[in-house]
Amino acid sequence: MVRVSDIGELVEALEPTFIWREYASAYARVNPIVSFYADSEDRMIESVEGHSHVLDIGCGPGIITERLAQKGHKVVAIDSDPTMLQHALRRLRKHPNVTLMQQDAHSLDFESGTFDGIVCNNVLYWVENPIMVLKEAHRVLKDGGIFSVSGPTREFNGKLLIERMEEELRRNEAYPLIKSDIETIKRCNQILAAKGIKNPFS
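Residues numbered from 1 in each chain as written. Predicted model: local features only at pLDDT ≥ 70, side-chain atom pairs only at ≥ 80, totals over all residues. Heavy atoms only, no water.

Q: In this structure, what is going on with the packing of aromatic side chains? I would like to understand it.
A: Aromatic ring pairs are defined here through the distance separating the ring centres and the angle between the ring planes. Applying the stated criterion across every chain, the model contains two aromatic pairs. Consider the rings of Phe36 and Tyr37, whose centres lie 5.1 Å apart with planes at 40 degrees: the pair is tilted. Using a relative accessible area of 25% as the deciding quantity, one classes Phe36 as partly exposed. The exposure class assigned to Tyr37 is buried, which follows from its relative accessible area of 15%. Just above the ring of Tyr175 sits the side chain of Arg170; from NZ or CZ to the centre is 4.1 Å. (Phe/Tyr/Trp six-rings, centres within 6.5 Å; stacked < 30°, edge-to-face > 60°. Buried < 20%, exposed > 50% of the residue type's maximum accessible area, 1.4 Å probe, protein only. Lys NZ or Arg CZ within 6 Å of the ring centre and 35° of its normal.)

Q: Quick question: what am I supposed to make of the side chain of Asn31 here?
A: Structurally, Asn31 is set in the loop between helix H2 (18-30) and helix H3 (35-47). When near neighbours in sequence (up to four residues on either side) are disregarded, Asn31 contacts Tyr37 and Ile63. (Helix = DSSP H or I, 4+ residues; strand = E, 2+ residues; numbered from the N terminus. Contact = heavy atoms within 4.5 Å.)

Q: What exactly am I supposed to notice about the nonpolar core here?
A: It is characteristic of soluble globular proteins that their nonpolar side chains tend to be buried jointly. Tyr23, Val30, Val34, Met165, Leu169, Ile182 and Ile185 are the most contacted members of the largest nonpolar core, which totals 20 residues. Among the elements of the structure, H2, helix H7 (158-171) and helix H8 (175-195) are those that each provide at least two residues to this core. Considering each element in turn, this core owes the most residues, six residues, to H2. Apart from the residues lying within four places of it in its own chain, the contact partners of Leu169 are Val30, Ile33, Val34, Ala174, Tyr175, Ile178 and Ile182. Ile118, Ala137, Val140 and Leu141 belong to the second-largest nonpolar core, a separate cluster that totals 18 residues. (Core = buried A, V, L, I, M, F, W, Y, C linked by side-chain atoms within 4.5 Å.)

Q: How should I be thinking about the environment of Gly117 in this particular structure?
A: Secondary-structure assignment places Gly117 in strand S4 (residues 115-121). Between the C-alpha atoms of Gly117 and Val54, which are 63 residues apart in sequence, the distance is 4.5 Å. Apart from residues lying up to four places away in sequence, Gly117 is in contact with Val48, His51, His53, Val54, Leu55, Leu141 and Ile146.

This is how it looks when you write it as C-alpha cells:
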C-alpha cells in the first residue's frame, strides 16, 4: 500500500508495465479534452452523487478522481501501475481529500464495507480476472452503496473511436498541439487490439 506522500519514491524504484509507460502521458493529456470521454465521466460521477466516501478502482492519471474531489467526495484512488500513479500524483497533490495508493484490484487492502461509492472506468477489460475484481468491489462496498462501471462492449470498434477523437480535435483546433499524443494512443491501441480485449461486456 502506498500513500500519496511517498509515491514519488515508488515510481523511481518500480518498472511500469510495458504498455502504460508509453500510454500514460498521452492518455492524461488527451482524454480530458475529448467530449465523449467527458460525457462518460459525467455519468459515472453523477452516479455516486450523495455518496461521500468513494473508491476509484484503476484511477489511471486521476482524471475522474480529481473531479470527484472537486465535488467534495472523500476519495481513495488506486492503480497497479506506477507510471499512471505518477501522473495522478501531479494532478491530485493539491486535493487533501484524496488518498492515492498502489494496489491490485484483485485483492483490495480495505476492510469490508469501507466505501459507499465505487467507480471503475475502463478497467475490467484489461484485468486478469474481472469476476475477482467485481467480488472485491462488492466486498468493500457498504450495503446500499453504488458501484459504477464502464468499459468496452463486445461490439467495441477501436478504429472508429480514434477516428471520432481525431475529428473532434481537428474541429476545435486542438489536434496540432497533441498530434504526437494521438499517434502514441494509436500505437498503444494497436498493441492492445493485437492482444485482444480480454473482458468485453455489455
